[in-house]
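For reference, the chains in residue letters:
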Amino acid sequence: TVGWDQTIKGVAAVRKRSLWGLVLSESRIENPCGNEVLASFVEGLRKNGLGALPWDRNSETLLARIRLVDRLGKGNGGALRPFTRDFSEEALLDGIAEWLGPWVEGMTRLEHLRKLDMNAVLTGMLTREERQALQSLAPTHITVPSGSRVQVDYSGARPVLAVKLQELFGLDKTPAVGGGRLPLVLHLLSPAGRPVQVTEDLAGFWASGYGHVKKELKGRYPKHHWPDDPLRAEPARGVKRARRADDK
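Residues numbered from 1 in each chain as written. Predicted model: local features only at pLDDT ≥ 70, side-chain atom pairs only at ≥ 80, totals over all residues. Heavy atoms only, no water.

Asks: I keep staring at the environment of Arg 15 and nothing clicks. Help me out?
Replies: Here Arg 15 lies in strand β2 (residues 10-19). By relative accessible area, which is 52% here, Arg 15 ends up exposed. Every residue in contact with Arg 15, bar those within four places of it in the chain, is listed here: Ser 25, Glu 26, Ser 27 and Ile 29. (Helix = DSSP H or I, 4+ residues; strand = E, 2+ residues; numbered from the N terminus. Buried < 20%, exposed > 50% of the residue type's maximum accessible area, 1.4 Å probe, protein only. Contact = heavy atoms within 4.5 Å.)

Right under this line is the structure:
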């Protein structure tokens, strides 16, 4: 008999000799093999859920980006959904034998999953066209006016871009993903990298919130440039910067 044993978090294979309902002898098979083992292991994965898989930051971010794009597509009547596969938790569990089975062949215990590269598993589920659409609609990084490529955080309900305030000088519109349909939540940082403002409306911040923040930061960071008109100022990564004449 071969089956999943939750007590050992693995596949158990046992050889029994019995006479009707009486077990005469029983011994465990240490290294079972065959299709029954794979089927039992996949069933164990289904019982333990997707949380049993060895997710890391890269694979979690990739899955979050996929689900965000899928959610945005559904919000437009499904016309903008680029993926042929459903990546919801329920759908992934239902189809786990199909998409994960080839990767776990030969494994018998959950601890063996540590060998898996979930980023490679997820990427392998996407076609070339789907990967291109994903990068276009939910890019991993956004290039800000200073020239820096800043990573987007997709771990929350809304994607977040944490960037130093001075690197956005001259930008009058909040960066967005989803083909421009979803503005990013901006975590504006001080020169030391500490958050000073959270906003989805960059233009509104420049108009009404920047003056107060400027007064506070100018005293703490006097070597940095704090222009009166941030929309006409040159963006800067640090103390050294190029300035236009109208920034003086």
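Asks: What's the story with the sheet that holds strand β3 (residues 22-29) in this structure? I'm lost.
Replies: Sheet strands line up and pair through hydrogen bonds in the backbone, either parallel or antiparallel. Spatial ordering of the open sheet is given by β1-β2-β3, a layout of three strands whose pairing is antiparallel. Each end of this open sheet is capped by a strand with a single partner; those strands are β1 (2-5) and β3. Geometrically, the sheet is characterised by an average inter-axis angle of 40° between neighbouring strands, direction not taken into account. Relative to β2, β1 runs antiparallel, the two sharing four bridges. In the sheet register, Val 2 faces β2, and the bridge partner there is Ala 13. Across the face of the sheet, helix α1 (residues 35-48) comes into contact with β1 and β2 while running at roughly 25° to β1. (Pairing = 2+ DSSP bridges. Axes fitted to C-alpha atoms, helices over the stretch in contact; angles between N-to-C directions.)

Asks: Please explain the pattern of salt bridges as it appears in this structure.
Replies: Two side chains carrying opposite charge are able to pair once their charged atoms lie near each other. Taken as a whole and assessed by the stated rule, the structure comprises five salt bridges. Of the charged contacts, one joins Lys 214 and Asp 228 as a salt bridge, the two residues approaching to 2.3 Å between their closest N and O atoms. Here Lys 214 is found in helix α8 (residues 202-220), whereas its partner Asp 228 is found in the segment after α8, with 14 residues between them in sequence. Of the residues examined, Asp 228 reaches a relative accessible area of 69% and is grouped as exposed. (Salt bridge = Lys/Arg side-chain N within 4 Å of Asp/Glu carboxyl O.)

Read these as layout, nothing more, since geometry by itself doesn't imply function.
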